[in-house]
Amino acid sequence: PESRLHLDQNQRLCQIDGVELQVTGTEFDLLVALLKQKGEVVSKAWLSQHVLQRELQPFDRSLDVHVSRLRSKIEKGFDKPLLHTVRGAGYMLKAG
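Residues numbered from 1 in each chain as written. Predicted model: local features only at pLDDT ≥ 70, side-chain atom pairs only at ≥ 80, totals over all residues. Heavy atoms only, no water.

Right, let's talk about the sheet that holds strand E2 (residues 13-16) for a bit. Strand order across the open sheet formed by three strands is E1-E2-E3, with antiparallel pairing between neighbours. The open sheet has two edge strands with one neighbour each: strand E1 (5-8) and strand E3 (19-21). Each adjacent strand pair in this sheet contributes to an overall mean axis angle of 35 degrees, direction not counted. Bridge analysis of E1 against E2 gives four bridges, and the strand direction is antiparallel. Across the sheet, the residue bridging to Asp8 is Leu13, located in E2. Taken strand by strand, helix H1 (residues 25-36) contacts E1 and E2, and its axis lies near 110 degrees from that of E1. (Pairing = 2+ DSSP bridges. Helix = DSSP H or I, 4+ residues; strand = E, 2+ residues; numbered from the N terminus. Axes fitted to C-alpha atoms, helices over the stretch in contact; angles between N-to-C directions. Contact = heavy atoms within 4.5 Å.)

Glancing now at unusual backbone geometry. In this structure, Gln53 is a non-glycine residue whose phi angle is positive, near 65 degrees. On the secondary structure map, Gln53 appears in the loop between helix H2 (44-50) and helix H3 (62-74). The phi angle at Phe59 is positive, at roughly 70 degrees, despite the residue not being glycine. Tracing the backbone shows Phe59 in the loop between H2 and H3.

Attention now goes to the pattern of salt bridges. Between side chains of opposite charge, a pair can form when the charged atoms approach closely. What the rule picks out here adds up to six salt bridges. Salt-bridge contacts for Lys73 lead to Glu27; the nearest nitrogen and oxygen are separated by 2.7 Å. Of this pair, Lys73 sits in helix H3 while Glu27 sits in helix H1, placing them 46 residues apart in sequence. For Glu27, a relative accessible area of 2% puts it in the buried group. A salt bridge links Arg54 to Asp60, with the shortest nitrogen-to-oxygen separation between them at 3.5 Å. Note on Arg54: relative accessible area 37%, which makes it partly exposed. Each of the salt bridges in this network shares a partner with another, and the network as a whole consists of Lys44, Arg61 and Asp64. (Salt bridge = Lys/Arg side-chain N within 4 Å of Asp/Glu carboxyl O. Buried < 20%, exposed > 50% of the residue type's maximum accessible area, 1.4 Å probe, protein only.)

See the structure below:
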């Protein structure tokens, strides 16, 4: 089946079913990173380093906040969650 979630990295556009979603630059970069490793767990430390451009610090919740906001935007209209938290490991994007 064709993916309902589409990213255009050149124009930095995110669409679901052809409808553009308003995402921040950080949310877009996060989605790109997760899509490149779709179906695999991506560690919080790696995402912090490559998306937020800084080392993950103890008690730093900013990545979790970005993921939460992104999840609320991309999962509307889907009957199953797309963006999964893997406790103690990181995040995983499943089929969309």
